[in-house]
Amino acid sequence: MKVYYNPRCRTCRDSLGILNEHKQSFTVIDYLKNPITKRDLKKIIKLLGVSAHDLIRTKDKIYKDLYADKELSENQCVDLLLKHPTLMQRPIIVKNNQAIIGRPAVKVLDLLNCKI
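None of these values were measured; they are calculated from a predicted model.

The rules we used
Residues numbered from 1 in each chain as written. Predicted model: local features only at pLDDT ≥ 70, side-chain atom pairs only at ≥ 80, totals over all residues. Heavy atoms only, no water. Pairing = 2+ DSSP bridges. Helix = DSSP H or I, 4+ residues; strand = E, 2+ residues; numbered from the N terminus. Right-handed = clockwise from strand over helix to strand, strands pointing away. Axes fitted to C-alpha atoms, helices over the stretch in contact; angles between N-to-C directions. Buried < 20%, exposed > 50% of the residue type's maximum accessible area, 1.4 Å probe, protein only. Arc of directions from axis to C-beta. Contact = heavy atoms within 4.5 Å. Parallel < 35°, antiparallel > 145°, perpendicular 65-115°, else oblique. Left-handed = near helix turned anticlockwise from the far one by under 90°. Expected span 1.5 Å × (residues − 1).

**Remarks on the pairing of strand 2 (residues 27-30)**
As judged from the four bridges shared by strand 1 (residues 2-5) and strand 2, these two strands associate in the parallel manner. From the neighbouring strand, Val3 faces strand 2, where its bridge partner is Val28. One crossover worth recording links strand 1 to the parallel strand 2 by way of helix 1 (residues 10-21), and it is right-handed.

Below is the structure:
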């Protein structure tokens, strides 16, 4: 299992806590220090079953100031996430051929097939 993680994000830390509590084995990827490749990002988007735009944190100041008034294509949204990785919804947890955005953190349980 891989967890795409921003250490400044409380929801990311809470998600890791849930994974640890359920004794899950996982690899943490701090995508701000180790940027996601375009290929991997497209794969994650496909696993999530969302558009690239759905992965953008549209309430973030960077997005509001620079992109809110623009109509972006799927490829432009992917490029935007690569250019400004802080705009990516987080955490993203990938297990085998499934992925979720762990927001709120308890959504991690869905991926683990656990009851709340």
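**Here's the deal with the sheet that holds strand 3 (residues 92-95)**
Ordered by their spatial adjacency, four strands build an open sheet running 2-1-3-4, and the pairing between neighbours is mixed. On the outer flanks of this sheet lie strand 2 and strand 4 (98-101), each paired with one strand and no other. Within this sheet the neighbouring strands show an average axis-to-axis angle of 20°, counted without direction. The pairing of strand 3 with strand 4 spans four bridges and is classified as antiparallel.

**A look at helix 2 (residues 38-48)**
Here helix 2 has its buried residues at Leu41, Ile44, Ile45 and Leu48. Down the axis of helix 2, the buried side of the element spans an arc of 100°, and every buried residue falls inside it. Turned more than 90 degrees from where helix 2 packs its buried face, Arg39, Lys43 and Lys46 sit exposed. Where helix 2 is buried, its residues touch strand 1, helix 4 (74-83), strand 3 and strand 4. The positive-phi residue at the C-terminal boundary of helix 2 is Gly49, with phi of around 70°.

**Thoughts on the packing of helix 2 against helix 4**
One way to put it is that helix 2 packs onto helix 4 with a least axis distance of 10 Å and a crossing angle of 120°. Comparing the axis directions of helix 2 and helix 4 gives the class oblique. At the point where helix 2 passes helix 4, the crossing takes the right-handed sense. From helix 2, Lys38, Leu41, Lys42 and Ile45 reach across to helix 4, where they touch Glu74, Asn75, Val78, Asp79, Leu81 and Leu82.

**Focus: helix 1**
The α-helix winds at 3.6 residues per turn, so residues separated by three or four positions along the chain end up facing the same way. End to end, helix 1 covers 16 Å across 12 residues, agreeing with the expected 16 Å (1.5 Å per residue, within 8%). For helix 1, the complete set of buried residues consists of Thr11, Cys12, Ser15, Leu16, Ile18 and Leu19. Viewed end-on, helix 1 has its buried residues packed into an arc of 155°, placing them on one side of the element. Relative to its buried face, helix 1 has exposed residues pointing more than 90 degrees away, namely Arg10 and Glu21. Next to the buried residues of helix 1 lie strand 1, strand 2 and helix 5 (108-112).

**A look at unusual backbone geometry**
Note the cis peptide between Arg90 and Pro91, where omega equals -10°. Positionally, Pro91 belongs in the loop between helix 4 and strand 3. Following Arg103, the chain continues to Pro104 via a peptide bond in cis, the omega torsion being -5°. In this structure, Pro104 sits in the loop between strand 4 and helix 5. Of note in the backbone geometry, Lys23 takes a positive phi value of approximately 50° without being a glycine.

Note that all results are geometric; they support no functional claim without further evidence.
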